[in-house]
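# Coordinate analysis (summary)
Residue strings, one per chain:
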Amino acid sequence: MSTTPASSEALRTAIVLGGKTGLLGHMLAKTLRGKGWTVHAPSREDVDLFSEAALADYIDRCEPSMVFNTVAYTQVDKAEDEPEEARRVNRGLPATLGQVLRTRPVRCLHISTDFVFNGKHNAPYTVDDTPDPQSVYGRTKLEGERALLERIPEKTIIARTAWLFGPGKKNFVHTILGLCRDRNSLNVVHDQMGSPTYTVDLAAMCAVLAEHDTTGLYHLVNGGQASWCELAAEATALAEMSCVIHAIPSEEYPQKACRPRYSVLDTSRYTETTGLTPRPWIQALRDYIFHDLWNTELISANR
Ligand SMILES: NC(=O)c1ccc[n+]([C@@H]2O[C@H](COP(=O)([O-])OP(=O)(O)OC[C@H]3O[C@@H](n4cnc5c(N)ncnc54)[C@H](OP(=O)(O)O)[C@@H]3O)[C@@H](O)[C@H]2O)c1
């Protein structure tokens, strides 16, 4: 498989599905524009993503070299009650996209998730590990990966990521800091381990991969690992909040969907392809808190 950079300027027009309102999507659109790409970032009002004809027409009008798909049904617990809707978005859209791109000279980078794994490992999951999702969200996301890989394997990159935080939209870190504003203590799960990931870093990794002539599965996350409790405690400490974070087991915080106990992702294929190593999540968290949140009402009101 070739992994040489594809650098021609003419090849740098992108569609970012989810690029107007998504936590990752809007950051990816911004990052690509910053790197000189022409970016089309439609909202759900701009194009009916579930109509093959409408999607094909939109793609033909934009003439992209690459479509990035960040659209997903991301409400993990609600998906247990709405499996058809979760499947329509998480499998249906990639299937339609794959069908449309089959006959067009356009590559695709599709975002997937650590929830495709069952969480029984105790070492980071590589791209060669066998998925075994335990939730509707995880199953439908895996079906989405396969829908693309079956239709356009020669032009698909699947980028699995995890535990996103970043500016512009609510996320775990933002929620925790909001709760800490109003409380003296919080209980947070300490027996689920994962790979916290900054959307700014993830967007940059996606952009770098898009500029390489490569296909197949990648894991794109920040380095290191954490429990939700560790991530919350680190965030409140950096934000100089006095709220005490108590570690609890998952049994004390029941949730509808089954989550992997351990879903740390191994990024070595990304490093082999690009020569780059994702920085540790803790360094990225500092940037999120000091660059993106420090002067906002969320944190400054407490100082
Ligand atoms: N967040 C995480 O921690 C995390 C972890 C692992 C993997 N991922 C994956 O990363 C990707 C991006 O996640 P995210 O957190 O950035 O998601 P997000 O903020 O929830 O954004 C999802 C995007 O999809 C759009 N969308 C959802 N349903 C739609 C529908 N029926 N029709 C049209 N548009 C629809 C949303 O548009 P509206 O704003 O109009 O609803 C939004 O732009 C997803 O593939 C997700 O599975 C996320």
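In what follows, the accompanying structure is described. All figures in this text were calculated on a predicted structure; none of them were measured in a lab.

Here we come to helix H6 (residues 172–182). Within an α-helix, residues lying three or four positions from one another point in the same direction, as the helix has 3.6 residues per turn. Residues of H6 that are buried: Val173, Ile176, Leu177, Gly178 and Cys180. For H6, the elements touching its buried residues are strand S6 (164–165), strand S7 (185–189), helix H8 (228–238), strand S12 (244–248), helix H10 (281–293) and helix H11 (297–300). Two to three positions downstream of the cap, the backbone nitrogen of Val173 sits 3.1 Å from a side-chain oxygen, assigning the N-cap of H6 to Asn171.

We now examine helix H1 (residues 23–34). The terminal C-alpha atoms of H1 lie 17 Å apart, and with 12 residues this matches the ideal 16 Å at 1.5 Å per residue to within 8%. Listed as buried for H1 are Leu23, Leu24, Gly25, Met27, Leu28, Ala29, Thr31 and Leu32. Looking at the buried side of H1, the elements it contacts are strand S1 (13–17), strand S2 (38–40), strand S3 (66–69), strand S4 (107–113), S6 and helix H7 (199–210). Just downstream of H1, Gly36 is the residue with a positive phi angle, here 95°.

All told, the structure shown has nine aromatic pairs when counted by the stated rule. Ring geometry for Trp163 versus Trp228: centroids 3.5 Å apart, planes at 10°, classification stacked. Of this pair, Trp163 sits in the loop between strand S5 (156–161) and S6 while Trp228 sits in helix H8; the two residues are 65 residues apart in sequence, bridging distant segments of the chain. Among the residues examined, Trp163 registers a relative accessible area of 9% and is labelled buried. Relative accessible area serves as the criterion here: at 17%, Trp228 is assigned to the buried category. For the pair Phe172 and Trp228, a centre-to-centre distance of 4.6 Å together with 55° between the ring planes defines the contact as tilted. Separated by 56 residues along the polypeptide, Phe172 in helix H6 and Trp228 in helix H8 bring together distant segments of the chain.

Parameters and conventions
- For every chain, the first residue of its written sequence is number 1, and the numbers climb from 1 along that sequence.
- With pLDDT at 70 or above as the cut-off, local features in this predicted model cover only qualifying residues; side-chain atom pairs require 80 or more to be listed or tallied, and sums for whole chains, interfaces and linings still use all residues.
- For side-chain calculations, the full set of non-hydrogen atoms in the structure is used, while hydrogens and water are omitted.
- Exposed residues in this analysis have more than 50% of their type's maximum accessible area, buried residues have under 20%, and partly exposed residues fall in between, with area computed by a 1.4 Å probe over protein chains only.
- Strands here mean DSSP runs of E at least two residues long; helices mean DSSP runs of H or I at least four residues long; both are numbered from the N terminus.
- Contacts were defined at the residue level, with two residues in contact if any of their heavy atoms lie within 4.5 Å.
- A 3.5 Å cut-off defines polar contacts: any pair of N or O atoms within that distance qualifies, except that in protein one atom must be a possible hydrogen donor and the other a possible acceptor, and neighbouring residues in sequence count only when both atoms are side-chain atoms.
- Helix span is expected to be 1.5 Å times the residue number reduced by one.
- Paired rings are identified among Phe, Tyr and Trp, the last through its six-membered ring, by centres lying within 6.5 Å, and are further divided according to the angle between planes into stacked (under 30 degrees), edge-to-face (over 60) and tilted (the rest).

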